[in-house]
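The lines below spell out each chain.
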Amino acid sequence: MDWVPEFYSTTGRWWAPALAAVGEQERARAELVGRICGPGPYRILELGAGYGNTAAALAERGHQVTAVEISDRAEHAERHAGPRLRVVHDDFYAVQLPGDHDVVCYFNGFGIGTDADQRRLLRRISAEWLRPGGHALIDVMNPFVWARWAGDREHRDADPARGYAYTVDERTDFDPVHSRYTDTWWETDRPDDAITQVGRCYTPADLMLLLEGTDLAVARLFVDGIELDLDGDHVGHAPLLHQAHEYLAVLRHTAASAAQTRRSQPVSGR
Ligand SMILES: C[S@@+](CC[C@H](N)C(=O)[O-])C[C@H]1O[C@@H](n2cnc3c(N)ncnc32)[C@H](O)[C@@H]1O
């Protein structure tokens, strides 16, 4: 995972003037947190917070937010910092944070590293950061759509008026054995300095297997903001098969719910 700070710092340098601002997507995420968890306000931990746009949108809604980001994008996030938003420029595998969050979010980033790395992160969420009964909201990369993008190339001309100062190229690929995407970018006139992000994709069924032993379980799934019926039949489900490169998994803390169930059961013999 050594590539992570360099990849996101470099792409952050290319795109921050265009992207480091709260926009529609971040406000929609903040609204979705309210739809899923109720209005709050909550103590929210956002992992891999990038430029801090979503953290800022959540803080605007009155939540108390801690945003963790390893790359230089954290410097942009720090511009949003204030009484309701704390930015931690660090690695979420190493950083020590207070626990007891009502919500832990990881938007558009889960899957970096091995399955063991994902489990390590999921266990930190359940054991250290998420309060009993809280929700973890995690975007998960969807293998069906990443596989369709295998071999795609894209050229993007600079568009300084919109904040894109660099002309860049992208090549996307997919490893169907390990269910991993590779996404390589370079400045068009510097192909030798290409940088690549690599990520694990999980079908919903694979995610459920990954979660075994983590004290977290899938409670709800959303594709493009629309909830899937977990008990339904999804044969031919076009958004997952063809459209959405990621879906949102809402995880519940199973250890906590077991404890709550025990507490709510009548205690015999007293
Ligand atoms: C694809 S970006 C998404 C950023 C933001 N969540 C969003 O949706 O705009 C993934 C982010 O996760 C960050 N990240 C990846 N691994 C991390 C780690 N171990 N600790 C902290 N941040 C990490 C990256 O630096 C990057 O900014």
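Residues numbered from 1 in each chain as written. Predicted model: local features only at pLDDT ≥ 70, side-chain atom pairs only at ≥ 80, totals over all residues. Heavy atoms only, no water.

You'll find the protein chain entered in an unreviewed UniProt entry as Methyltransferase domain-containing protein, with Actinocatenispora thailandica given as the organism.

Examining the site of the ligand
How we decide: In this text, near means that some heavy atom of the residue lies within 4 Å of the molecule or strand in question. Residues adjacent in sequence count toward polar contacts only when both atoms are side-chain atoms; beyond that, a polar contact is any pair of N or O atoms within 3.5 Å, and within protein one must be able to donate a hydrogen and the other to accept it. Under the convention used here, a 1.4 Å probe and the Shrake-Rupley method define accessible areas, while residue burial counts only the protein chains that appear. Gly falls in the polar group here, along with every residue not listed as nonpolar (Ala, Val, Leu, Ile, Met, Phe, Trp, Tyr, Cys, Pro) or charged (Asp, Glu, Lys, Arg).
Taken together, 19 residues sit near the ligand, with Gly 48, Glu 69, Asp 91, Phe 107 and Asn 108 positioned nearest. Interatomic distance of 2.9 Å between a side-chain N/O atom of Asp 91 and a nitrogen atom of the ligand. In the complex, 91% of the free accessible area of the ligand, which totals 590 Å², lies under the protein chains. In terms of residue class, the shell around the ligand is built from 9 nonpolar, 4 polar and 6 charged.

Here's the deal with the packing of helix 2 (residues 24–37) against helix 3 (residues 53–60)
Put simply, the test is: Think of each axis as a best-fit line through the C-alpha atoms, taken over the contacting stretch in the case of a helix, with angles from 0 to 180 degrees between the N-to-C directions. Helix numbering and strand numbering both begin at the N terminus, where a helix is a DSSP run of H or I of at least 4 residues and a strand a DSSP run of E of at least 2. When describing relative orientation, an angle under 35 degrees is termed roughly parallel and one over 145 degrees roughly antiparallel, while 65 to 115 degrees is termed roughly perpendicular and anything else oblique. Each helix crossing is assigned a hand: it is left-handed if the near helix lies turned anticlockwise from the far helix by less than a right angle, otherwise right-handed if that turn is clockwise. Here, two residues are considered to be in contact whenever any of their heavy atoms come within 4.5 Å of each other.
Look at helix 2 against helix 3: their axes get within 8 Å of each other, and the N-to-C directions meet at 50 degrees. What the angle tells us is that helix 2 and helix 3 run oblique. By crossing handedness, the relation of helix 2 to helix 3 is classed as right-handed. For the pair helix 2 and helix 3, the contacting residues are Glu 26, Arg 27, Arg 29, Ala 30 and Val 33 in the first and Asn 53, Thr 54, Ala 57, Leu 58 and Glu 60 in the second. Tallied by class, the residues present in the contact of helix 2 with helix 3 amount to 4 nonpolar, 2 polar and 4 charged.

Thoughts on the sheet that holds strand 4 (residues 101–106)
Counted only if it meets this: Pairing between two strands is assigned when DSSP locates at least 2 bridges connecting them.
With respect to topology, 8 strands assemble into an open sheet ordered 3-2-1-4-5-12-10-11, the strand pairing being mixed. In this open sheet, the two strands that pair with only one neighbour each are strand 3 (85–89) and strand 11 (226–228). On average, each strand axis in the sheet is inclined to that of its neighbour by 25 degrees, with strand direction left out of account. Of the pairings in the sheet, the one linking strand 10 (residues 216–223) to strand 11 comprises 3 bridges and is antiparallel in character. Pairing of Leu 221 across the sheet is with Leu 228, part of strand 11.

Describing the UniProt feature "domain: Methyltransferase" (unreviewed entry) in the protein chain
We apply this condition: UniProt positions are given in the numbering used here, feature names are shortened, and annotations may be inferred rather than shown by experiment.
Under the UniProt annotation, the feature "domain: Methyltransferase" (unreviewed entry) is placed at residues 44–134. The span residues 44–134 is 32% helical and 29% strand by assignment, and the distance between its end C-alpha atoms comes to 10 Å.

Observations concerning the confidence of the model for the protein chain
To keep things clear, this is the line we draw: You can read pLDDT as the predictor saying how much it trusts each residue, on a scale of 0 to 100.
When pLDDT is averaged along the protein chain, the result is 93, and 94% of the positions lie at 70 or above. Across residues 258–270 the pLDDT falls below 50, and counting only partners more than four positions away or on other chains, this stretch makes 2 contacts in the model.

Some remarks on unusual backbone geometry
Note the threshold: For each residue, the accessible area found with a 1.4 Å probe, counting protein chains only, is set against the maximum for its type, and the residue is called buried under 20%, exposed over 50%, and partly exposed in between.
Residues Gly 40 and Pro 41 are joined by a peptide bond in cis, for which omega reads 10 degrees. The residue Pro 41 is located in the loop between helix 2 and strand 1 (43–47) in this model. Positive phi is not limited to glycine here, since Ser 179 has a value of about 50 degrees. Here Ser 179 shows up in the loop between strand 7 (168–175) and strand 8 (180–187). Its relative accessible area of 12% is what places Ser 179 among the buried residues. We note that Asp 224 has phi near 50 degrees; this positive angle belongs to a residue other than glycine. Mapped onto the secondary structure, Asp 224 falls in the loop between strand 10 and strand 11.

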